[in-house]
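# Summary of the model geometry
Here is how the chains run, residue by residue.
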Amino acid sequence: MQLGASPSQIKYGSGWYPTEHAEGGSFAWMATAATVDVSASGNDDIVVVEYSYPALGSPIPDLVVGDKRYQLYPGYNSLLIPVSEVTAPQAGLVSLNLEIDRLAGFYEDQRDLGLKVHRIYVESDPVVINYKKTQAAIASRPEVCDNTPIVYMIGVTDRCNLRCVICLKHHEQDGDNNKDLIDLPDPSLEKLMPLAYSAQMVLLLGYGEPLLNKRLPEIIDDISAKADNSIEMITNGLLLSPQWIDKILSRNVRVLSISMDAATPDGYERMRGGSYEKVIRNVQALVAERAKRKNAKLEIRMNMAVTRANITEVPLLSELAADLGVDTVEFRHLHENPLHAWRVEKPDFVFDYNDALIENDPEECRIALNDAIRRAKRRGVRYILDAPFVGLVDDELVIAADVEVGEYHECPHPWRWLMVTAAGDAYTCCWAPPLAKLADYSSGAELWNGHEYRRLRRNIKAGIVDPLCAGVTCPFQQKAISKDAPVNEKPAPVI
Ligand SMILES: C[S@@+](CC[C@H](N)C(=O)[O-])C[C@H]1O[C@@H](n2cnc3c(N)ncnc32)[C@H](O)[C@@H]1O
Ligand code: SF4
Ligand code: SF4
């Protein structure tokens, strides 16, 4: 329960004074100790203290609450105080005594100790609590996390009904493409489900077609009943029956992304192979059914992996999406890591993975993406760009939310991201190879703090390129494609 977005609604006790210029009337400390009362509904609640502290040279103090000590960080952060840590089990009013353990004393106003408190409130929703904990973990970068992944991907199957040329598991055009491939086994599902109830976003996908998994409706029902979060699904759309459409529109599914890799029947035949007409009919049925349901919250997307082999179809996807009433187009970069390198020969089409990378012709890609985005804007379709494209398209077409690039030590993925495939391989981002195996752990939570995750977190925090990340193209190893900088730079060396 939030006591109030404005500090005047918070029951501050002694030790506070309002800062003169603070936006929204934030409070600063005027003594090393202050008190505040908050209402908690239960022992699982957490008190969130949104604060900022200047990134100046002097050591940052700890905040002491009762007999617990919490580290503060420079910049704008949230400190999370579990109610159970600072009071005896109870519901109702919780009085907190907050103390700063040392003075910074670098302000002209000697009462100002540097710490500004913008908001204090109590949070009860496990999904929101986990999100807040994750933000705090990304700021402090602990080796062992008390948050769980907020972006959580469950690979529900590796089996597929298509043979897309870009697909790691299914690009072979001959033989049985599902040989040795399985749906997520029940014991793995049991290990993985608990983490789904605290994730902000659960992605149900796989190295296969998720709608092939017979247990998927049950999985969606279970998550929707236990958590107020978002489920996203990526599908090739071929099996999108009326029953599936009803399930998707009546549960927590907030995003359904249909993979096209093309916009015309010919392009679809080359890149994916199935029935273009069927996918289009299914999308039309989904859009029509959503329009009938006033409260439907589903965002419908069409996505495309942009390659030199389908570059002429890129602008056409925006037109197709607009024609069909699809909300969003998503342009993705081809995965680049040592596992991705093959050649597929079809009767009148050859797909060579390395040759298809748009790094080989960034100018052609730039023109196609600019065109696609301008068409999307003109026709009222939202667009999403994969991070490597952000430096490539015209600056005014970049949406701030798309920009997530940085230095190696700034990579946030191991503190927020987990994907486990049906075969039990665990990944921490969609660029690097697998990090760990679910079979080595008795639960998803154990894997999340297992030795592989801890090693990766330790190395990233220290700026030492982990063996997992070496040679991988990702936005945290200076590999965003840019129209101004040379392409194909080598990633940072492994130390
Ligand atoms: C592996 S598929 C699984 C879901 C479903 N079968 C589908 O195609 O949508 C998940 C997403 O990964 C994309 N994908 C597959 N191979 C890729 C690659 N080599 N690089 C980038 N994206 C790829 C697909 O286009 C799809 O959007
Ligand atoms: S539909 Fe998805 S899983 Fe199947 S081959 Fe294509 S990309 Fe791979
Ligand atoms: S490969 Fe890149 S995105 Fe993935 S964990 Fe390493 S630095 Fe982060």
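The name an unreviewed UniProt entry gives the chain is Radical SAM/SPASM domain-containing protein, with Rhodopseudomonas telluris as the organism.

### Side note on the overall build of the chain
If you tally the helices and strands in the chain, you get 12 helices and 22 strands. Across the 495 residues in the chain, those meeting the buried criterion constitute 40%. Contacts in the chain between residues far apart in sequence, at least 24 positions, make up 70% of those at least 6 positions apart.

### Quick look at the site of ligand 3
Lining the immediate surroundings of ligand 3 are 13 residues, of which Cys411, Cys429, Ala432, Cys469 and Cys474 lie closest. Taken together, the residues of the shell around ligand 3 sort by class into 10 nonpolar, three polar and no charged.

### Description of the packing of helix H8 (residues 314-324) against helix H10 (residues 362-378)
Two elements in contact, H8 and H10, have axes whose closest approach is 7 Å; the angle formed by their N-to-C orientations is 15°. Classified by the interaxial angle, the pair formed by H8 and H10 is roughly parallel. The hand of the H8/H10 crossing is right-handed. Facing Val314, Pro315, Leu317, Ser318 and Glu319 of H8, the residues of H10 in contact are Ala368, Leu369, Asp371, Ala372, Arg375 and Ala376. For the contact of H8 with H10, the per-class residue count stands at seven nonpolar, one polar and three charged.

### Here's the deal with the site of ligand 2
The immediate surroundings of ligand 2 are formed by Cys160, Leu162, Arg163, Cys164, Cys167, His170, Tyr207, Gly208, Glu209, Asn236 and Ser259. When the residues that make up the shell around ligand 2 are grouped by side-chain class, the tally is five nonpolar, four polar and two charged.

### Thoughts on the nonpolar core
Ranked by size, the top nonpolar core spans 127 residues in total, and within it Ile154, Val202, Leu204, Leu317, Phe331, Leu369 and Ala426 carry the most contacts. When residues of this core are assigned to their parent elements, the largest contribution, six residues, is made by H10. Excluding anything up to four places from it in sequence, Leu369 contacts Val314, Phe331, Phe389, Leu392 and Val393.

### Some words on the sheet that holds strand S19 (residues 382-385)
The strands making up a sheet associate through backbone hydrogen bonding, with each pair oriented either parallel or antiparallel. Within the open sheet, the 10 strands sit side by side as S19-S16-S15-S14-S13-S12-S11-S20-S21-S22. Their pairing is mixed. Edge positions in the sheet fall to S19 and strand S22 (436-437), since each has one partner strand and no second. Most of the contacts of H8 go to strand S15 (residues 299-306), to which it runs at about 165°, and overall it touches S15 and strand S16 (328-333).

### Let's talk about the environment of Glu277
By secondary structure assignment, the location of Glu277 is in helix H7 (residues 276-292). Taking C-alpha positions, Glu277 is 9.5 Å from Leu238, a pair spaced 39 residues apart along the chain.

Reading the values: the criteria
- Counting starts from 1 at the beginning of each chain's written sequence and moves along it residue by residue.
- To read the labels, note that chains go from A and ligands from 1, taken in the order they are written.
- Where totals are concerned, whole chains, interfaces and linings use all residues; where local detail is concerned, this predicted model gives features only for residues with pLDDT of at least 70, and gives and counts side-chain atom pairs only at 80 or more.
- Numbering of helices and strands runs from the N terminus; a helix is a DSSP stretch of H or I covering at least four residues, while a strand is a stretch of E covering at least two.
- Working definition of burial: number of other C-beta atoms within 10 Å of the residue's own, with buried at 20 or more, exposed at 12 or fewer, and partly exposed in between, all C-beta atoms being placed from the backbone.
- Here contacts are defined at the residue level, using C-beta atoms placed from the backbone and a cut-off of 7 Å between them.
- Placing the C-beta atom from the backbone, one calls a residue near a molecule or strand if that atom lies within 6 Å of it.
- Each residue is assigned to one of three groups, with Ala, Val, Leu, Ile, Met, Phe, Trp, Tyr, Cys and Pro labelled nonpolar, Asp, Glu, Lys and Arg labelled charged, and all others, Gly among them, labelled polar.
- Lines fitted to C-alpha atoms define the axes, with helix axes restricted to the stretch in contact, and inter-axis angles between N-to-C directions lie between 0 and 180 degrees.
- Should an angle fall under 35 degrees it is taken as roughly parallel, and over 145 as roughly antiparallel, whereas 65 to 115 is taken as roughly perpendicular and any remaining angle as oblique.
- Each crossing is labelled by how the near helix is turned from the far one, with a counterclockwise turn of less than a right angle marking it left-handed and a clockwise turn marking it right-handed.
- Joined through C-beta atoms within 7 Å, a set of buried Ala, Val, Leu, Ile, Met, Phe, Trp, Tyr and Cys residues constitutes a nonpolar core.
- Should DSSP find at least two bridges between two strands, the strands are regarded as paired.

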